[in-house]
Amino acid sequence: MLGYSTHKEVKIWVQTKNPSKVYAKYFISENPKQSYITREVNTEHHKGNVAHLIADVLEPGKTYEYIIYINGKQQEPKSEQKFRSQPIWIGKQSGPPDIKFALGSCAFVNDPKYDTQAKPYGGEYFIYKSISSQKPDFMLWMGDNIYLREPDWESRTGFIYRYTEQRSLAELQPLLANVHHYAVWDDHDWGPNDGDASFWMGNTAEEIFKLFWANPNYSKKGIYGSFTWGDAQFFLMDDRSFRTANDNKTGPRSFFGEEQLDWLVNGLAFSKATFKFVVVGGQVLNPLTVFENYSTYAEEREKLLSKISKLKIKNLVFLTGDRHFTELSYIQEGFEYPVYDFTVSPLTSSTHAPITEKNPLRIEGTMVDDKRNFGTIEITGPLKQRNLVFRVFDSAGKELWSRDIKAK
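The model shown is predicted, which means the values in this text are computed figures rather than measured ones.

Visitor: How should I be thinking about the side chain of Asp111 in this particular structure?
Guide: With respect to the helices and strands, Asp111 occurs in the loop between β10 (99-104) and α1 (127-133). Of the residues examined, Asp111 reaches a relative accessible area of 7% and is grouped as buried. Once residues within four sequence positions are removed from consideration, Asp111 is found in contact with Arg149, Tyr161, Arg162 and Glu165.

Okay, here's the thing in C-alpha cells:
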C-alpha cells in the first residue's frame, strides 16, 4: 500500500506472510536505469510482519515506479505500481495543481468463521476497481475501515488478524498499490460498537492503527494529525480516544477533547490553504441528536462552530462517515462563509436509511441511502478562482450526483 506523499518523501507499506527482509527499488518512469532503493527492513511476527519503507531520494512532481523485494527476491507486480511526489507550486506561474481524491467509509469484509449476521453484511467489493478507475491522487478512509469482531478486540493478536484479513482482499490490492492512502478511525476500527475512551484496549487499537496505516504524522496520544496536498489542507481527527461514553450524562461531555479541539482551531486559524478539510468518523453539522452525531455532544459542538464563526474561516468542509448513507449538508446562518459536511457511506457494508426526521441542513438531491457508494472531490482552476466539485458514484462507478462550489 502507498502511504503519504510529500515533495521529497513517500512511504510504502508492505506486509509479508512470514518474517522477512524487505526493501523497495524505485525509479522515475522515464528513466528506469537510474534507480534507488529504500533501507531494508526486517518484518516481525509481533508487528504483523509489517514494514514501513521510506522512499527519500525524490524529485518533486514526478511519477515513480516501484518494485518490492522480499528476502532479496523481486516480487512480480500483480497490478501497476506507481507513486507520485507532490509538485512545488508556490511562486510558480503554473499555480496550484489540479487535485482529485476519493473518499468513503464503512468497509465490511465478510468472514463467515466469525460473523454473526444472518446474511452477509459486506459485498460488492468491485467498488474498489471503480474507485481505481477514477484515478485519484489519493484516498481518504473516513472510519470503520475495518470491522473488529468480539474475538478481535480483546487481544493484540485479534487486532492484527482483522487488519490482515482486510488487507488481503484481492479486489482491494490494485487500489492499495497505486493510490496514496490516508485514514481516520471510528468505533469499528477502535473496538466495540459505539466505543469510547473507556475501552480497555485503546492503547492497542492506537498502536495497530498506526502500524497498518501510513499517515505522515500522529499526535502523541491518539491518531489525529494533518497534511497538505497542493493548496488544500486536511485535518485528520480522532473521535474515539477522548470521547465520553454516549450514556454518561453526569458532567461535561467530550468528543474530541480540549487539547485536540484547541489544536484544530489553531490549525484552521493558521492555515493558508484555499480549502480546509476536517476529516471525522461521524457527522458534524447534522443537528439531529441521533446515534453518534456530534450534535449529541452539544456543548463541545457549539464551542467548535462558534470559534469557526468568530475566526471567519473560509472554504471549510467537514468530510464524514459512519451513517451508512450519503448526503451533503450546508450551513450559512451565523457564519461569514458557508460550511459544508460531505458524508459518504458505505463502501462495502450494508446501507441503512435514516430512521429519523430529515436533516434540515441536507442539500436536496444528495441523499443516497439504497446503494453502496464512494465520493470524489476535484479542485481545479487558477489560485484565485479555484473550483471544487463533489461527486458521488455507485459501486459500479455510475455517477449519482455532483455539486460544485467556488472558493470564496
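Anyway, onward from the coordinates.
Visitor: Hey, could you run me through the layout of surface pockets in this one?
Guide: Leftover empty space is mapped by rolling, across the atoms, a probe with the size of a water molecule. One number sums up the size of the largest pocket: a volume of about 930 Å³. Counting residues per element, the ones that place at least two in the lining of the largest pocket are β2 (10-15), β7 (63-70), α3 (156-167) and α4 (173-178). Residues of the lining of the largest pocket, tallied by class, amount to 12 nonpolar, eight polar and four charged. Built from parts of two domains, the lining of the largest pocket gets at least three residues from each of domain 1 (2-85) and domain 2 (99-406). Estimated volume of the second largest pocket: approximately 650 Å³. Lining the second largest pocket are 31 residues, and of these Tyr121, Tyr147, His188, Asn193 and His324 lie nearest its centre. Mapped onto the lining of the second largest pocket, the elements with two or more residues apiece are α2 (150-153) and α5 (187-190). Ranked by residues supplied to the lining of the second largest pocket, first place goes to α2 with three residues.

Visitor: How should the pattern of salt bridges be read in this particular structure?
Guide: Where charged atoms from two side chains of opposite charge come close, those side chains can pair. Counted by the stated rule, this structure contains 18 salt bridges. Arg162 is the partner of Asp111 in a salt bridge, and the nearest nitrogen-oxygen pair spans 3.0 Å. Linking Asp111 in the loop between β10 and α1 with Arg162 in helix α3, this pair joins segments that are 51 residues apart in sequence. Asp115 is the salt-bridge partner of Arg149, the closest N and O atoms lying 2.7 Å from each other. Placement of Arg149 in the loop between β11 (138-142) and α2 and of Asp115 in the loop between β10 and α1 is noted, with a sequence separation of 34 residues between them. Judged by its relative accessible area of 8%, Arg149 falls in the buried class. Ionic contacts of the salt-bridge type, sharing partners, join the residues Asp186, Asp239, Arg240, Arg243 and Glu292 into one network.

Visitor: Got a minute to help me understand unusual backbone geometry in this structure?
Guide: Comment: phi is negative for the bulk of residues other than glycine, and the bulk of peptide bonds are trans. That bond from Ser345 to Pro346 is cis: its omega, -5 degrees, falls within 30 degrees of zero. The backbone phi angle of Glu124 is positive, close to 55 degrees, even though this residue is not glycine. Within the secondary structure, Glu124 is located in the loop between β10 and α1. Here Lys135, not a glycine, exhibits a phi torsion of approximately 50 degrees, which is positive.

Visitor: It is not clear to me how the sheet that holds strand β13 (residues 225-229) should be interpreted in this structure. Could you clarify?
Guide: In a beta sheet, neighbouring strands are held together by backbone hydrogen bonds and run either parallel or antiparallel to one another. Pairing in this open sheet of six strands is mixed, and the strands run β13-β14-β15-β16-β18-β17 from one edge to the other. The open sheet has two free edges, formed respectively by β13 and β17 (327-331), since each of these has just one partner strand. Strand-to-strand twist across the sheet, computed as the mean angle between neighbouring axes with direction ignored, equals 20 degrees. The pairing of strand β16 (residues 316-320) with strand β18 (residues 339-343) spans five bridges and is classified as parallel. Bridge pairing links Phe318 to Asp341 in β18. Along the sheet face, helix α7 (residues 258-270) touches β13, β14 (232-236), β15 (275-280) and β16 and points at about 175 degrees away from the line of β14.

Visitor: When you look at the pairing of β13 in this model, what are you seeing that I'm missing?
Guide: A regular strand places its side chains so that they alternate between the two faces of the sheet. Of all five residues making up β13, four are buried, and the element is well covered by its neighbours. Relative to β14, β13 is paired through five bridges, and the arrangement is antiparallel. The residue of β14 that forms the bridge with Trp229 is Ala232.

Procedures and definitions
- Residues numbered from 1 in each chain as written.
- Predicted model: local features only at pLDDT ≥ 70, side-chain atom pairs only at ≥ 80, totals over all residues.
- Heavy atoms only, no water.
- Helix = DSSP H or I, 4+ residues; strand = E, 2+ residues; numbered from the N terminus.
- Buried < 20%, exposed > 50% of the residue type's maximum accessible area, 1.4 Å probe, protein only.
- Contact = heavy atoms within 4.5 Å.
- 1 Å grid on protein atoms, 1.4 Å probe; cavity = no way out; pocket = protein on both sides within 12 Å on 5 of 7 lines; lining within 4 Å.
- Points joined across faces, edges and corners; volume = space filled by probe spheres on them.
- Nonpolar A, V, L, I, M, F, W, Y, C, P; charged D, E, K, R; others polar.
- Domains from an automatic or database assignment.
- Salt bridge = Lys/Arg side-chain N within 4 Å of Asp/Glu carboxyl O.
- Pairing = 2+ DSSP bridges.
- Axes fitted to C-alpha atoms, helices over the stretch in contact; angles between N-to-C directions.

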